[in-house]
Amino acid sequence: MNLFKAAGPLPRALSAGALWLLVLLGLCARPGLAAAPAARLSEVFDTNKLAEIGQVITNAMAGNRLPGAVVWVERSGVAWHQAFGLRAIAPEPEPMTEDTVFDLASLTKVFATAPAILLLAERGQVRLDARVQDYIPEFRRNGKDDITVRQLLTHTSGLRSGLGRSVDGPNSALSFACQEKVVSAPGSVFLYSDINFILLGEIVQRVARTPLETFVAQNLMGPLKMRETAYLPPRKLRPRIAPTTGSLRGTVHDPTARGMGGVAGHAGLFGTAADLARFARMMLNDGELEGIRVLHPDTVRLMTTVQTPEAIPGRRSLGWDIDTGYSRRGTVFPLGSYGHTGFTGTSIWIDPFSKTFLIFLSNRVHPDGQGDVRALQTRLATLAAEAVRGFDFANVAGALPARTNLAQTASASTNGPAPTAVLNGIDALKKQGYAPLRNLRIGLITNHTGRDREGHATIDLLKAAPGVQLKALFSPEHGIRGQLDEKVDDGVDEKTGLPVYSLYGRRRSPDPAQLAGLDALVFDIQDIGCRFYTYISTLGLCLEAAAKAGLQFVVLDRINPINGLTVEGNVYSGESSFTAFHAIPLRHAMTVGELARMFNEERGWKARLQVIPLEGWSRSMWFEDTGLPWVNPSPNMRNMRAAALYPGVGLIEFALSVGRGTDRPFELVGAPYIDGEKLAAALNAAGLPGVQFSPARFTPASSVFKDKACSGVSIQLTNRAVLQSVDVGLALALAIQKNHPDDFDLEKANRLLRDEIALDAIRAGRTVAEIQENWAAGLRAFGERRLKYLLY
């Protein structure tokens with residue numbers, strides 16, 4: 001049997017031929033199965049499935065998803081583990097080894113902080129249902145008085161995802177955490193938050209009267225003989241530590257933990273796969289390893305069974321993930337298994353039913369922060385379960401039932417959304433009885449996408465809301481009903497008789513006269529998550545107008561339909577325009593409420609801004625995960641395939657037909673002069689993850705090349721989780737520019753890309769990776785700026 005350890009990209013891209021060259025040079029090997037004797041291994045595992053694990057990791061490395069990894073699969077003491085690829089790409093390549101020490105990132109939460117808190121609970125020093133302020137008195141105020149230790153452990157505290165600001169020492173971080181306000185009622189919503197575990201780490205230190213790193217070493221890593229897992233790894237381990245962004249090595253990647261001195265409850269732990277395997281064995285053995293009791297069985301039960309309220313759809317134990325949008329369970333391990341992930345590219349999944357666990361450690365953020373292993377982690381979990389022999393995963397006694405479909409639950413309700421549903425801002429406002437708008441004269445900026453889960457228009461809801469005085473409507477591009485692809489005139493709403501002032505005609509923001517007599521502007525429009533989708537420009541211009549007029553500005557927040565994690569493309573740095581309003585990348589991974597916070601502060605407007613936050617949404621969710629009803633945000637944005645591809649395919653829509661005027665906008669690209677078969681072959685050869693291309697012929701009924709027969713490609717979305725949509729747009733531009741430089745008007749693509757350096761690189765035939773390298777610094781800076789404004 002052949003299990004391949006293939007090297008990762010050098011510097012960011014390697015062909016299959018280059019991988020074999022590395023084999024010949026000795027940087028890669030073709031070893032046999034590791035750890036267990038072959039006969040014993042084949043009794044417990046399907047070795048063909050283990051080989052497939054190696055192949056999918058190799059493919060991911062070839063696609064620049066990660067430089068290398070260490071994988072450990074074990075069942076009932078029989079283990080297979082192996083290193084793949086490279087530990088470091090820059091400044092010099094280093095082969096990955098099984099004893100590589102990784103920055104574990106958020107695995108710190110479950111290997112250090114959660115068990116530390118629960119050890120103190122075993123000893124009667126911490127009460128799980130005690131208030132946080134009982135241990136950190138300065139934490140009270142701002143709606144946080146009743147937050148409990150249990151809610152911190154289950155991420156149901158209502159605190160936002162992170163501090164979002166630079167910290168200077170642990171006292172600085174704690175001070176900022178104590179200043180936080182809740183964004184949802186404690187105990188009502190699952191909202192994954194680093195702040196929760198920063199506070200838990202502080203509780204450990206105060207109660208135990210010893211530094212967190214010392215308590216963890218003495219009470220967990222020491223008894224478990226996890227000799228190479230610790231905070232602040234010693235210099236002697238440095239040669240074996242996998243670097244993260246750039247050449248950061250031995251220093252924690254997480255900026256907040258780094259600012260806290262490298263020790264924090266949410267991040268900072270370093271360790272090896274072999275050490276984590278010892279912890280997993282202890283968990284599967286009810287808290288005992290090799291005759292040493294580390295955790296009481298009741299404590300293990302709390303860490304491995306659902307502890308979140310029944311009304312919350314995301315299921316968590318005390319610390320561990322069981323069934324949320326963050327889960328990397330795959331499709332075979334039963335519900336009731338548990339695990340966790342870390343930002344740097346680490347994950348673990350443990351199945352107590354089959355006594356199997358999977359550890360995957362990578363440094364996907366090396367060297368430029370652009371790697372992505374989320375889809376890979378899910379696939380590996382599936383393969384690990386499929387490799388297990390002699391266990392019927394389809395009939396597992398004690399497994400959890402699947403949750404009721406949220407969309408069905410919501411639609412069946414006669415009294416509003418089901419309590420487990422994801423709620424947009426308008427739904428949350430309804431729950432509050434419209435209290436934030438009571439006794440205010442308001443103007444509503446909206447269109448047909450402004451509606452609640454049941455489909456009721458926000459216009460009608462606010463018109464009928466008690467104590468709310470709806471006085472005027474303002475419509476964005478495409479009009480109040482979202483049906484126009486042209487300039488829009490003012491009008492009157494037929495149902496309410498209210499004036500409708502167009503913000504996509506002779507004006508782009510409200511006139512002062514239209515704001516006279518109003519107390520507040522309310523914004524409720526569904527964005528698509530892309531910089532040049534103009535609804536966020538309307539948001540910014542209206543926010544500025546409200547600030548100048550002294551009006552309150554209320555954003556009814558809405559989900560980002562293409563998820564709140566994936567950031568792509570160049571960060572715009574020029575003058576503000578309607579298709580590039582602010583210094584954000586093409587795919588920004590923010591909600592409209594978060595963008596409003598960014599615009600208001602970074603533009604210095606000081607508007608009286610209030611965001612009515614989402615409930616039940618996590619950043620990993622795509623639109624379909626929410627159970628919300630789809631409404632086409634604009635005439636050509638007809639489904640989630642188009643939305644996912646839009647940040648890349650939309651870049652070239654002024655130079656080519658992108659399917660406007662067909663039944664597949666943004667899934668077709670072509671022109672009369674293109675050879676579709678040649679273009680499809682070139683794009684497929686590029687190996688872009690998540691998409692395939694086939695030749696296509698079509699005649700658009702509108703827009704570019706209207707009524708002209710076009711040849712080009714049809715884009716099939718094969719794996720949205722690994723899609724880099726901006727790469728698709730760049731690859732299209734590069735291929736068409738190379739083959740049709742006299743016909744392809746590349747300059748028109750710059751209307752939305754807004755990057756002369758990238759344009760020159762396309763003309764010069766540079767690679768997608770080379771173009772991205774010029775964007776890396778801007779994306780890192782944006783990532784730091786963005787954190788401050790995130791609400792979820």
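Just above sits the structure.
Residues numbered from 1 in each chain as written. Predicted model: local features only at pLDDT ≥ 70, side-chain atom pairs only at ≥ 80, totals over all residues. Heavy atoms only, no water.

Observations concerning the packing of aromatic side chains
Then step 1. Summed over the entire model, instances satisfying the criterion amount to 18 aromatic pairs.
Then step 2. Between Tyr533 and Tyr535, the aromatic rings sit 5.1 Å apart at their centres with planes inclined by 70 degrees, giving edge-to-face as the arrangement. Across the pair, Tyr535 and Tyr533 agree in class, each one buried.
Then step 3. A network of ring pairs unites the aromatic residues Phe532, Tyr533, Tyr535, Tyr646 and Phe666 as a single cluster.
Then step 4. One Lys or Arg, Lys109, reaches over the ring of Phe197 and ends 6.0 Å from the middle of that ring.
Then step 5. Just above the ring of Phe578 sits the side chain of Arg508; from NZ or CZ to the centre is 4.1 Å. (Phe/Tyr/Trp six-rings, centres within 6.5 Å; stacked < 30°, edge-to-face > 60°. Buried < 20%, exposed > 50% of the residue type's maximum accessible area, 1.4 Å probe, protein only. Lys NZ or Arg CZ within 6 Å of the ring centre and 35° of its normal.)

Some points on the packing of helix H3 (residues 47-62) against helix H12 (residues 374-387)
Then step 1. Contact pair H3 / H12: the axes reach a minimum separation of 9 Å and the direction vectors enclose 170 degrees. Viewed along their axes, H3 and H12 adopt a mutual orientation that is roughly antiparallel. For the pair H3 and H12, contact is made by Lys49, Leu50, Glu52, Ile53, Val56, Ile57 and Ala60 and by Leu376, Arg379, Leu380, Leu383, Ala384, Glu386 and Ala387, respectively.
Then step 2. For the contact of H3 with H12, the residue count by class is 10 nonpolar, no polar and 4 charged. (Axes fitted to C-alpha atoms, helices over the stretch in contact; angles between N-to-C directions. Helix = DSSP H or I, 4+ residues; strand = E, 2+ residues; numbered from the N terminus. Parallel < 35°, antiparallel > 145°, perpendicular 65-115°, else oblique. Contact = heavy atoms within 4.5 Å. Nonpolar A, V, L, I, M, F, W, Y, C, P; charged D, E, K, R; others polar.)

Focus on the sheet that holds strand S22 (residues 691-698)
Then step 1. In space, the 3 strands of this open sheet follow the order S21-S23-S22, with antiparallel pairing throughout. One side of each edge strand has no neighbouring strand; the edge strands of this open sheet are strand S21 (668-671) and S22. Across the sheet, the mean angle from the axis of one strand to that of its neighbour is 25 degrees, orientation sign disregarded.
Then step 2. Here 8 bridges tie S22 to strand S23 (residues 710-717), and the two strands are oriented antiparallel to one another. When the sheet's bridge partners are listed, Gln692 is paired in S23 with Gln716.
Then step 3. Of the strands in this sheet, S21, S22 and S23 touch helix H19 (residues 640-649), which is tilted by about 120 degrees from S23. (Pairing = 2+ DSSP bridges.)

Topic: helix H23 (residues 756-763)
Then step 1. Taken residue by residue, H23 has Ala758, Leu759, Ala761 and Ile762 as its buried positions. The buried residues of H23 all sit within an arc of 160 degrees when viewed along its axis, so they share a single face.
Then step 2. Its side-chain oxygen placed 3.1 Å from the backbone nitrogen of Ile757, Asp755 serves as the N-cap of H23.
Then step 3. Immediately beyond the C-terminal end of H23, within one or two residues, lies Gly765, with a positive phi of roughly 75 degrees. (Arc of directions from axis to C-beta. Polar contact = N/O pair within 3.5 Å; in protein donor to acceptor, adjacent residues only side chain to side chain.)

With respect to helix H10 (residues 273-284)
Then step 1. Compared with an ideal rise of 1.5 Å per residue, which puts 12 residues at 16 Å, H10 spans 16 Å between its outermost C-alpha atoms and is within 8% of the ideal.
Then step 2. Among the 12 residues in H10, 10 count as buried, and that is most of the element.
Then step 3. Buried within H10 we find Ala273, Asp275, Leu276, Ala277, Arg278, Phe279, Ala280, Met282, Met283 and Leu284.
Then step 4. Positive phi shows up at Asp286, right after H10, with a value of about 55 degrees. (Expected span 1.5 Å × (residues − 1).)

Considerations on the sheet that holds strand S4 (residues 102-103)
Then step 1. Pairing in this open sheet of 3 strands is antiparallel, and the strands run S4-S6-S5 from one edge to the other. Both outer strands of the open sheet, S4 and strand S5 (230-231), are each paired with one neighbouring strand and no more.
Then step 2. As paired strands, S5 and strand S6 (residues 269-271) are joined by 2 bridges and run antiparallel to one another. Across the sheet, residue Tyr231 finds its bridge partner in S6, namely Leu269.

Brief notes about the pairing of strand S12 (residues 346-351)
Remark: a regular strand shows side chains that alternate across the two faces of the sheet.
Then step 1. Taken across its 6 residues, S12 has 6 buried, putting it largely inside the fold.
Then step 2. In S12, alternate side chains face the same way, and those of Thr346, Ile348 and Ile350 on one face and Ser347, Trp349 and Asp351 on the other are all buried.
Then step 3. Sheet analysis places strand S11 (residues 338-342) next to S12, joined by 5 bridges and oriented antiparallel. Counted as the bridge partner of Gly342 is Thr346 from S12.

So, unusual backbone geometry
Then step 1. Note that the residue after Ala90, namely Pro91, is joined by a cis bond; omega there is 0 degrees.
Then step 2. By the element assignment, Pro91 lies in the loop between strand S2 (78-88) and strand S3 (94-95).
Then step 3. Here His366 and Pro367 are connected by a cis peptide whose omega angle stands at 0 degrees.
Then step 4. Residue placement: Pro367 occurs in the loop between strand S13 (356-362) and H12.
Then step 5. One non-glycine residue, Ala105, adopts positive backbone phi at about 55 degrees.
Then step 6. Positive phi outside glycine occurs at Arg754, with the angle close to 55 degrees.
Then step 7. Looking at the element boundaries, Arg754 is found in the loop between helix H22 (746-753) and H23.
Then step 8. A relative accessible area of 30% means that Arg754 is categorised as partly exposed.

Overview of the state of the cysteines
Then step 1. Enumeration according to the criterion identifies 0 disulfides in this entry.
Then step 2. Counting only cysteine sulfurs, Cys542 is the nearest neighbor of Cys530, a cysteine outside any disulfide, at a range of 19 Å. (Disulfide = S-S within 2.5 Å.)

Some points on the environment of Asp103
Then step 1. You can see Asp103 is positioned in strand S4.
Then step 2. Assessed through its relative accessible area of 3%, Asp103 is described here as buried.
Then step 3. When the C-alpha positions of Asp103 and Ala114 are compared, they lie 18 Å apart, and in sequence the two are 11 residues distant.
Then step 4. For Asp103, the residues in contact, after removing those within four places along its chain, are Thr244, Thr251, Val252, His253, Leu269, Phe270, Thr344 and Thr346.

A short note on the pattern of salt bridges
Then step 1. Enumeration according to the criterion identifies 41 salt bridges in this entry.
Then step 2. Across the pair Arg87 and Glu94 runs a salt bridge whose closest N-O atoms are separated by 3.4 Å.
Then step 3. Ionic pairing is found between Arg249 and Glu94, a salt bridge with its closest N-O pair at 2.7 Å. With Arg249 in the loop between S5 and helix H9 (255-259) and Glu94 in strand S3, this pair connects stretches of sequence that are 155 residues apart.
Then step 4. Overall, Arg249 belongs to the buried group, its relative accessible area being 15%.
Then step 5. One salt-bridge network, held together by shared partners, links Lys49, Glu52, Arg379 and Glu386. (Salt bridge = Lys/Arg side-chain N within 4 Å of Asp/Glu carboxyl O.)

Here's the deal with the side chain of Thr382
Then step 1. Mapped onto the elements of the fold, Thr382 is located in helix H12.
Then step 2. Sequence-distant contacts of Thr382, that is, excluding residues within four places in its chain, are made with Gly330, Thr331 and Val332.

Quick notes on the pairing of S23
Then step 1. S23 sits mainly inside the fold: 6 of its 8 residues count as buried.
Then step 2. With 4 bridges joining them, S21 and S23 adopt antiparallel strand pairing. The residue bridging Gly670 from the neighbouring strand is Gly712, located in S23.

Here we look at the packing of helix H20 (residues 676-685) against helix H21 (residues 725-739)
Then step 1. At a minimum axis separation of 10 Å, H20 and H21 run at an interaxial angle of 130 degrees. Taken as axis vectors, H20 and H21 run oblique relative to one another. Seen along the crossing, H20 lies across H21 with a hand that is right-handed. Contact with H20, carried on its side by Lys678, Leu679 and Leu683, involves Ala731, Leu732, Ala735, Ile736 and Asn739 of H21 and no other residues of that element.
Then step 2. Classifying every residue of the contact of H20 with H21 gives 6 nonpolar, 1 polar and 1 charged. (Left-handed = near helix turned anticlockwise from the far one by under 90°.)

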